[in-house]
Amino acid sequence: MAKKALISGVTGQDGSYLAELLLSKGYEVHGVIRRSSSFNTDRIEHLYQDPHVHGVKLFLHYGDLSDGASLQHLLHDLQPDEIYHLGAQSHVRVSFDIPEYTGDITALGTTRLLEAIRECCPKARFYQASSSEMYGLVQAVPQREDTPFYPRSPYGAAKVYSYWMTVNYRESYGLHATNGILFNHKSPRRGETFVTRKVTRAIARIKAGLQQDLFMGNLEAKRDWGYAPEYVEAMWLMLQQEKGDDFVVATGETHSVQEFIEEAFACAKLDWKQHVKIDPRYYRPAEVDLLIGDASKAKRLLGWQPKTTFKNLVRIMVQADDDLLAAQLSGKHVRA
Ligand code: NAP
Ligand code: G4F
């Protein structure tokens, strides 16, 4: 019988790649989607509309991380083998504007899900989307599984809470519960307001004459950026381990926002200095200056390592936004 997986956050960047991966492995995949007044299933439409592509259907269920009862009902009815908890208010800058909401969804949402698992399907394996943002004001370089956390935003603090709840449910109730501490990862499906996608989308629009300036915040921050489809493979590998554990997933390389901009504009043969302007509104009350991860535990125990180089990743994203805009302008908008 096919294994059954449930994904919270299935409509997001990672959720969509993970759904693809699990379907390709023969899983029956269930996703939680929230009610929205406009379509929020763009990234998974290609999977949902043609259930025969991978032989097994993708099922979508309305639910919300703020609504514990919806999660309880779902788990009670589905009895999934694996649960990938990717749903979150995931934007760091926005978390300063809506800290209470971020805590409700990104922190307490995890407890609601863990409680539902404990109650309805304690044998299910649980993946928590932990984040390198938990390291914040970093206490060691590079950051590893044993590096102390020092979150610098309501989002980071909410993720630290969820991290510890995951460890606690593992230790207190014996759940197979795992934290994947993922460093930044991106792709053509990255949300448009995160820095990398904001830049590559703007480059396509500048080239097409639709925009002249790109307003940015802090260009000095450094991030360890990997390729999202490779990172969802690490999630799956974690849940195939005998026991729950905690793993860093990263490339081990760091680049500043400015380096990303330089590389991306160079790909498009544009001079970034003519287009990029600084707007202090994009600065954060507190910044995470440097992230660089050490994924040697993941390599050793999961056999996972990154494949796509920084330069290639920039090129993939610049090209994808170029193609997307061309399709939009010609009236043939297709998701990457
Ligand atoms: P994303 O694209 O922002 O997706 C977030 C998902 O959560 C979306 O499907 C969103 O639904 C859903 N969601 C938001 N609020 C919800 C609610 N109240 N109830 C149910 N679902 C809700 O994020 P991502 O980049 O794929 O990241 C996936 C997870 O990994 C997140 O938890 C993020 O915090 C974490 N993470 C990401 C990175 C990274 O670099 N990408 C690194 C470390 C950790 P809508 O589509 O309806 O908005
Ligand atoms: O792309 P960002 O918004 O991502 P950030 O804050 O690193 O968070 C992402 O990665 C985390 C993993 O470490 C995830 F947990 C989280 O869910 C999310 O996916 O910003 C990256 C850097 C920051 O230092 C920011 O200050 O880019 C800087 N930046 C400069 N100008 C900007 C901008 N960020 C955004 N979003 N927009 C700007 O105009």
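Everything discussed here concerns the structure shown above.
Cut-offs applied
Residues numbered from 1 in each chain as written. Chains lettered and ligands numbered in written order. Predicted model: local features only at pLDDT ≥ 70, side-chain atom pairs only at ≥ 80, totals over all residues. Heavy atoms only, no water. Helix = DSSP H or I, 4+ residues; strand = E, 2+ residues; numbered from the N terminus. Rg over C-alpha atoms; globule rule 2.2 N^0.38 Å. Buried < 20%, exposed > 50% of the residue type's maximum accessible area, 1.4 Å probe, protein only. Contact = heavy atoms within 4.5 Å. Areas by Shrake-Rupley, 256 points an atom, 1.4 Å probe, with all protein chains shown as cover. Lys, Arg positive; Asp, Glu negative; His and termini not counted. Charge placed at Lys NZ, Arg CZ, Asp CG, Glu CD. Core = buried A, V, L, I, M, F, W, Y, C linked by side-chain atoms within 4.5 Å. Near = heavy atom within 4 Å. Polar contact = N/O pair within 3.5 Å; in protein donor to acceptor, adjacent residues only side chain to side chain. Nonpolar A, V, L, I, M, F, W, Y, C, P; charged D, E, K, R; others polar.

(A) Spotlight on the overall build of the protein. Check the secondary structure of the protein and you find 11 helices and 13 strands. Relative to a compact globule of 336 residues, whose C-alpha radius of gyration would be 20 Å, the protein shows 20 Å and is just as compact. Dimensions of the protein, computed from the C-alpha atoms along their principal axes, are close to 55 × 50 × 40 Å. Of all 336 residues assigned to the protein, the portion counted as buried reaches 52%. Across the protein, every contact between residues at least 6 apart in sequence was considered, and the portion connecting residues at least 24 apart equals 80%. As presented, the protein carries roughly 15,300 Å² of accessible surface, and 50% of it is formed by carbon and sulfur atoms. One finds the centroid of the 40 positive side-chain charges in the protein at a distance of 3 Å from the centroid of its 41 negative side-chain charges.

(B) View of the nonpolar core. In terms of nonpolar packing, the biggest core is built from 47 residues, with Ile7, Leu18, Leu22, Tyr84, Tyr127 and Trp304 touching the most fellow members. Examining the composition of this core, we find that nine residues originate from one element, helix H8 (residues 228-239), more than from any other. Listed in part, the 21 residues of the second largest apolar core include Ile83, Leu113, Leu114 and Ala116.

(C) Up close: the site of ligand 1. Inspection of the region around ligand 1 gives 25 residues, with Thr11, Arg34, Asp64, Ser90 and Tyr155 positioned closest. Measuring from an oxygen atom of ligand 1, one finds a backbone N or O atom of Leu86 at 2.8 Å. One of the side-chain nitrogen or oxygen atoms of Arg190 is found 3.1 Å away from a nitrogen atom of ligand 1. Alone, ligand 1 offers 900 Å² of accessible surface; in the complex the protein occludes 90% of this. The set of elements that each furnish at least two residues to the shell around ligand 1 consists of helix H1 (13-24), helix H5 (99-120), strand E5 (125-131) and helix H6 (154-173). Ranked by residues supplied to the shell around ligand 1, first place goes to E5 with three residues.

(D) Quick look at the site of ligand 2. If you check the shell around ligand 2, you find 23 residues, and the closest are Ser131, Ser132, Tyr155, Arg284 and Glu287. Between ligand 2 and the protein, one listed contact pairs an oxygen atom with a side-chain N or O atom of Ser132 at 2.6 Å. Within the side chain of Arg284, an N or O atom sits 2.5 Å from an oxygen atom of ligand 2. For ligand 2, whose free accessible area comes to 710 Å², the fraction covered by protein is 95%. Across the shell around ligand 2, the residue classes tally to nine nonpolar, eight polar and six charged.

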